[in-house]
Amino acid sequence: MALSSLIRDLAATPELGQLSERVSRVRAARPLSVSDVGGAARLATVAALIHTVRVPVLIITSRQDVAEQVTATLAEYLDGSSLDVRLWPVSESLPYEMVPIDRDASARRVEILQSLHQREPSVTVAAARAMTQMLSSPGELSAQSFTLKIGEQLDVEQFLSRMLSLGYQMVKLVREPGQISRRGGIIDIFPPSESYGIRLDLFGDEIDSLRHFDPETQRSIERINQISIRPPLEHALVNRESSVTEIRKLDTSDLRD
């Protein structure tokens, strides 16, 4: 028997109905503690509750391996429910460690943040370590996001400068999320929300066409009328200048060289 059918049966029980009613009465910053659910039944109960309430859910676990296990189990329980169960990508680097940015992981974090901001019903599982990461606020994420449409005027130099300030990486060929390139009147960009890159064809300063393209073959796939551009990183680089100013104000006289 599929686990998803078990969840539907569990969701129809009076006990789950009472629990769902208790959850619906919970207000912001007012925790609800449920202690009488056995260990083996916890994830099944959580899955049934998620299936019933249909709201954005964030589950925090103690470790990354536990988060991976919870994600896999909930995905089995909620299979066919149209709810997306996602694992928050946790950075493996230590704080202040000088390592290259994992742009694919950053793109997935931005996508999850956008979904949570829009309050789309979904399930996100994250290890406690993820709660220490720097993230853009919902307001910052919205302020950095915009839409491009066919027929709009586009100041190319200003657009490229804006993309670089958001954290896009200028490359010769766009192959992964967070990259951008320019070849004459053609601009390729790979926003984190897209499965394929986006190719802008310009006629002067006007957007003449928008097309998806395959980053592997660089061949255009289909025409589209508009595209949403979002920052490629989960933390706002636009604040780096003010951050540097604040860091320089710190008293480091008692620190060792």
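Reading the values: the criteria
Residues numbered from 1 in each chain as written. Predicted model: local features only at pLDDT ≥ 70, side-chain atom pairs only at ≥ 80, totals over all residues. Heavy atoms only, no water. Helix = DSSP H or I, 4+ residues; strand = E, 2+ residues; numbered from the N terminus. Buried < 20%, exposed > 50% of the residue type's maximum accessible area, 1.4 Å probe, protein only. Areas by Shrake-Rupley, 256 points an atom, 1.4 Å probe, with all protein chains shown as cover. Pairing = 2+ DSSP bridges. Axes fitted to C-alpha atoms, helices over the stretch in contact; angles between N-to-C directions. Contact = heavy atoms within 4.5 Å. Salt bridge = Lys/Arg side-chain N within 4 Å of Asp/Glu carboxyl O. pLDDT = per-residue confidence, 0-100. Left-handed = near helix turned anticlockwise from the far one by under 90°. Nonpolar A, V, L, I, M, F, W, Y, C, P; charged D, E, K, R; others polar. Polar contact = N/O pair within 3.5 Å; in protein donor to acceptor, adjacent residues only side chain to side chain.

1. Some words on the overall build of the protein chain
Right, so step 1: Across its full length, the protein chain holds 8 helices and 11 strands.
Right, so step 2: Burial status across the protein chain gives 37% buried among its 257 residues.
Right, so step 3: When the accessible area of the protein chain is evaluated, it comes to approximately 15,700 Å², of which 51% is carbon and sulfur surface.

2. A short note on the sheet that holds strand 3 (residues 123-127)
Paired through their backbone hydrogen bonds, the strands of a sheet run either parallel or antiparallel.
Right, so step 1: Pairing is parallel across the open sheet formed by 3 strands, whose spatial order is 1-3-2. Edge strands, defined here as strands with exactly one partner in the open sheet, are strand 1 (57-61) and strand 2 (85-87). Each strand axis lies, on average, 20° off the axis of its neighbour in the sheet, ignoring direction.
Right, so step 2: Pairing of strand 2 with strand 3, which is carried by 3 bridges, proceeds in the parallel orientation. When the sheet's bridge partners are listed, Val85 is paired in strand 3 with Val123.
Right, so step 3: Against the sheet, helix 5 (residues 103-117) engages strand 2 and strand 3, with an angle of about 135° to strand 2.

3. As for the pattern of salt bridges
Right, so step 1: Taken as a whole and judged by the stated rule, the model has 7 salt bridges.
Right, so step 2: Between Arg108 and Asp104 there is a salt bridge, with the nearest N and O atoms lying 2.5 Å from each other. Note that Arg108 and Asp104 are positioned in helix 5 at a spacing of 4 residues, about one turn of the helix.
Right, so step 3: Given a relative accessible area of 37%, Arg108 falls into the partly exposed group.

4. Describing the confidence of the model for the protein chain
Right, so step 1: Scored by pLDDT, the protein chain has a mean of 84; 90% of the residues are at 70 or more.
Right, so step 2: Here helix 8 (residues 240-248) stands out as the element of the protein chain with the lowest mean pLDDT, 72, in contrast to strand 7 (residues 186-189), whose mean of 96 is the highest.

5. So, the packing of helix 2 (residues 14-24) against helix 3 (residues 42-53)
Right, so step 1: Taken N-terminus to C-terminus, the directions of helix 2 and helix 3 make an angle of 65°; their axes are 10 Å apart at the nearest point. Considering the relative orientation of helix 2 and helix 3, their crossing is right-handed. Residues Leu16, Leu19, Ser20 and Val23 of helix 2 form the contact with helix 3, whose own contacting residues are Thr45, Ala48, Leu49, Thr52 and Val53.
Right, so step 2: Among the residues making up the contact of helix 2 with helix 3, the classes are represented as 6 nonpolar, 3 polar and no charged.

6. With respect to the side chain of Arg211
Right, so step 1: Relative to the elements of secondary structure, Arg211 occurs in strand 9 (residues 206-213).
Right, so step 2: For Arg211, a relative accessible area of 18% translates into the label buried.
Right, so step 3: In this structure the side chain of Arg211 is engaged in a polar contact, spanning 2.2 Å, whose partner is the side chain of Asp201.
Right, so step 4: Discounting residues that sit within four places of it in the chain, Arg211 has contacts with Gly197, Ile198, Arg199, Asp201, Ser220, Glu222, Arg223 and Ile224.

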